[in-house]
Protein chains: 2
Amino acid sequence: MSMDITFLGTGSAYPSPTRGASALVLRREGECWLFDCGEGTQTQFMKSHLKAGRITKIFITHLHGDHFFGLPGLLCTLSLQSSPDPNKPPVDIYGPFGLRNFIWRSMELSHSQLLFPYVVHELVPTRDQCPAEEFKEFSDLDRDEGAQGRILHMDPVENSYLLVEDEQLVLKAFRLFHRIPSFGFVVEEKPRTGKLNVQKLKDLEAPIPGRKICILGDCSGVVGDAAVKLCCEADVLIHEATLDDTQEEKAREHGHSTPKMAADFAKLCKVKKLVLTHFSQRYKPAAQRGEGESDITELKRQAESVLGGQEVTLAEDFMTIEIPMKK
Amino acid sequence: MSMDITFLGTGSAYPSPTRGASALVLRREGECWLFDCGEGTQTQFMKSHLKAGRITKIFITHLHGDHFFGLPGLLCTLSLQSSPDPNKPPVDIYGPFGLRNFIWRSMELSHSQLLFPYVVHELVPTRDQCPAEEFKEFSDLDRDEGAQGRILHMDPVENSYLLVEDEQLVLKAFRLFHRIPSFGFVVEEKPRTGKLNVQKLKDLEAPIPGRKICILGDCSGVVGDAAVKLCCEADVLIHEATLDDTQEEKAREHGHSTPKMAADFAKLCKVKKLVLTHFSQRYKPAAQRGEGESDITELKRQAESVLGGQEVTLAEDFMTIEIPMKK
């Protein structure tokens, strides 16, 4: 079963012609799962080989504008392109508390009646996910009585949020530290037993492990011990690296990471592949770099030096990474 | 004094790689006035020769998403690029009632504290600007007590809304009929008396007339008699033409215009130059049209046939139209 990740926006703070605002798509079994939806994501979809109509789940890591201001427009366009189908399952949207009200208010104000069902599941952050003065309760928000969706509190034993579990996979969220509460997501396939020799594999106690993909929102570190456990031996870890190592102080001040910080976490988790993204717009893609402009490949070198030379990938808009099945 | 108009988005319904969502800039005396701000407008600015930092006024014609979903992101990016300046005058934002709450809620939810001052002036529409079942009062919206800005009701004598008046110009809004209340804007320079021969001109009672630019939001017709009066003999009329004449019924059903409808209004107002925009995404720019795809130049022919051959311009993204001074 093929599985791949396509980056639709790899820039931080705002969209630019060289790096869109945050968005990436995990594709599996013909479904697209969208992680973050910065302004312009629907146009990036059109420029890519992916079809926005295949989106079945949307995950928003945190409520900074460059991660979710594209959501109202994307939902309206999906609606324009959809035909009413009473059997169609709803699009599940996951994100921090406050997101449901924003979507509802945006649809209401723009007189948009979406022709497909959707539900918004809101994650309730904990106070230690951001500086104390930045924490907001949003307790005054109206509730859209008509909208469905759960309010998800952290499991105090696991230190994580269980979002999806079916026969094939488990999807959990965990806490990150940022200027405002931010989340990481882990998609983990359950172990398979080979179809043709189930009994033999069972006898050998050797099920084939599933793939594990970790996608982190903006952060300068994690909160609690769940993140390292959940990301342990991930096949792919997607981590932000907004600024290069020489600007670590500034990065931390804004709740961001450098390549070294990302690689330290990757090393701790023994991940197999580290992909950096969410670069300051000053780092143009290598092919478009002008004279005297910042060199993005320096970020690759900084991360690789922590990982003893293990190759690190720098994300670019429209780059696709295949995640092969294990044997 | 030079004056020009640049189109940043000429497509309807949603942004695409060939036509951005609605946005155009009127530039005068180094200031940029932005009319509509669909998703992706900030990126279109970056691709153009214009500087978003020069924006001093923003006008939103109506509250469909393809006309204002780019506003929160644009404001955040303007803030990132601005330096705090206590003497800087506020950016004036004009739009239908409900806009202030949306901006405030979007900024609040995304923890965005804009570093420049802005005020939102809200136009209160009348019930006859849309089908009765579509009218919404938005009377339940919270007020942002901290935000400044006026609530503008229609002047019942003039049948219009006075937005700006100074020594040089007058800017008024008037009512359009659409699926939801929509507005048109008229920017009219006051007559000048030539600097070197003021007395002579006064004696001759021949002041040099100012330029008049009319920018209409989505519509299938106008409401009341102000529109024709205000647009009379305009130098430039920018009018939507979402679908071609063969689809007039569908256009009207969705509150839109065809080239003939736009040209009929232009003829009634005796405008000097008609520019069509807000095209269905099926009409690609002529240079990018593929085999079997709809022909945008047909819309030009349809409008010109009403105007007895007077040339009509079809807007494209990044097209600039100069409006010369009168002599």
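Numbering of residues starts from 1 in every chain and runs along the sequence as written. Just so you know, chain letters begin at A and ligand numbers begin at 1, following the order they were written in. Totals for whole chains, interfaces and linings use every residue, but because this is a predicted model, local features are given only for residues with pLDDT of at least 70 and side-chain atom pairs only at 80 or more, for both listing and counting. Note that the side-chain values use all heavy atoms of the structure and ignore hydrogens as well as water.

**So, the interface of chain B and chain A**
So, point 1. What makes two residues a contact is simply this: any of their non-hydrogen atoms within 4.5 Å. Chain B puts 41 residues into the contact, and the matching count from chain A is 41 residues.
So, point 2. When two parts are brought into contact, each loses some accessible area as probed by a 1.4 Å sphere; the total of that loss over both is the buried area. Together chain B and chain A conceal approximately 3,300 Å² of surface at their shared face, both sides included; 64% is due to carbon and sulfur atoms.
So, point 3. Any Lys or Arg side-chain nitrogen located within 4 Å of an Asp or Glu carboxyl oxygen qualifies as a salt bridge. If you look at where chain B meets chain A, you find zero salt bridges.
So, point 4. In protein, a polar contact requires one atom able to donate a hydrogen and another able to accept it; more generally it is a pair of N or O atoms within 3.5 Å, and residues adjacent in sequence count only if both atoms are side-chain atoms. Counting the contacts that link chain B with chain A gives eight residue pairs in polar contact (both at pLDDT 80 or more).
So, point 5. Of all elements in the fold, only helix 1 (41–47), helix 2 (65–68), helix 3 (71–81) and helix 4 (99–109) of chain B reach the threshold of two or more residues within the side of chain B that touches chain A.
So, point 6. No other element matches helix 3 of chain B, which puts seven residues into the side of chain B that touches chain A.
So, point 7. Polarity classes work like this: nonpolar for Ala, Val, Leu, Ile, Met, Phe, Trp, Tyr, Cys and Pro, charged for Asp, Glu, Lys and Arg, and polar for all others, with Gly in that last group. Of the residues belonging to the side of chain B that touches chain A, the class tally is 18 nonpolar, 16 polar and seven charged. Counting from the N terminus, the helices are the DSSP runs of H or I reaching at least four residues and the strands are the DSSP runs of E reaching at least two.

**Structural notes on the relation of the copies chain B and chain A**
So, point 1. Only residues with pLDDT of at least 70 in both copies contribute their C-alpha atoms to the least-squares superposition of the copies. When chain B is fitted to chain A, the best match, at an RMSD of 0.0 Å, comes from turning it 180° and sliding it 0.0 Å along the axis. Taken together, the rotation and translation relating the two chain copies correspond to the operation of a two-fold axis. Every residue of chain B has its C-alpha some distance from the rotation axis, and the shortest such distance is that of B:G40, at 2.7 Å.
So, point 2. An overlap of 100% is found between the interface residues of chain B and their copies at the interface of chain A, pointing to a shared contact surface.

**Some details on the packing of helix 3 of chain B against helix 4 of chain B**
All names here are of chain B.
So, point 1. In this analysis an axis means a line fitted to C-alpha atoms, helices contributing only their contacting stretch, and an angle means the value between N-to-C directions, from 0 to 180 degrees. The interhelical angle for the contact between helix 3 and helix 4, taken along N-to-C directions, is 55°, at an axis separation of 10 Å. Between helix 3 and helix 4, the angle is such that the two are oblique. In this structure, helix 3 meets helix 4 at a crossing whose hand is right-handed. Residues L71, P72, L75 and C76 of helix 3 form the contact with helix 4, whose own contacting residues are L99, F102, I103, S106 and M107. Here is the rule for angles: anything less than 35 degrees is roughly parallel, anything more than 145 is roughly antiparallel, 65 through 115 is roughly perpendicular, and the remaining ranges are oblique. In this scheme, a crossing is called left-handed if the near helix is turned counterclockwise away from the far one by less than a right angle; it is called right-handed if the turn is clockwise.

**Section: the side chain of B:S22**
So, point 1. Within the element layout of this structure, B:S22 appears in the loop between strand 1 (3–9) and strand 2 (23–28).
So, point 2. Using a 1.4 Å probe on the protein chains alone, a residue whose accessible area is under 20% of its type maximum counts as buried, one over 50% counts as exposed, and one in between counts as partly exposed. With relative accessibility at 7%, the residue B:S22 sits in the buried group.

**Points about the side chain of A:S82**
Residue and element names in this part refer to chain A.
So, point 1. Relative to the helices and strands, S82 resides in the loop between helix 3 (71–81) and strand 5 (91–96).
So, point 2. With relative accessibility at 17%, the residue S82 sits in the buried group.
So, point 3. Looking at S82, its side chain comes within polar contact range of the main-chain oxygen of S79, at 3.1 Å.
So, point 4. Leave out the neighbours within four places in its chain, and S82 touches L115 and F116.

**Considerations on the sheet that holds strand 12 (residues 236–240) of chain A**
All names here are of chain A.
So, point 1. Here we have seven strands laid out as an open sheet, ordered 8-9-10-11-12-13-14, and mixed in their pairing. Either end of the sheet is taken by a strand with one partner, and the two such strands are strand 8 (161–165) and strand 14 (312–314). Direction aside, the axes of adjacent strands within the sheet are offset by 20° on average.
So, point 2. Pairing between strands is defined by DSSP: at least two bridges between them are needed. Pairing of strand 9 (residues 169–176) with strand 10 (residues 182–189), which is carried by eight bridges, proceeds in the antiparallel orientation. Residue pairing in the sheet places R175 in a bridge with F183 of strand 10.

**Some thoughts on the environment of B:I103**
Residue and element names in this part refer to chain B.
So, point 1. Within the secondary structure, I103 is located in helix 4.
So, point 2. Under the relative-accessibility criterion, I103 is labelled buried at 1%.
So, point 3. For the pair I103 and K190, spaced 87 residues apart in sequence, the C-alpha separation works out to 33 Å.

**Looking at helix 9 (residues 297–306) of chain A**
Residue and element names in this part refer to chain A.
So, point 1. Along helix 9, the residues that are buried comprise L299, Q302, A303, E304 and V306.
So, point 2. Turning to helix 9, the residues buried within the fold contact helix 8 (259–268), strand 13 (274–277) and strand 14.
So, point 3. A positive phi of about 60° marks G308, the residue just after helix 9.

**With respect to the confidence of the model for chain A**
So, point 1. The pLDDT value expresses, per residue, how confident the predictor is, ranging between 0 and 100. Chain-level pLDDT for chain A is 94 on average; 94% of the residues reach the 70-or-more range.
So, point 2. Predicted complex, confidence summary: ipTM 0.95, pTM 0.95.

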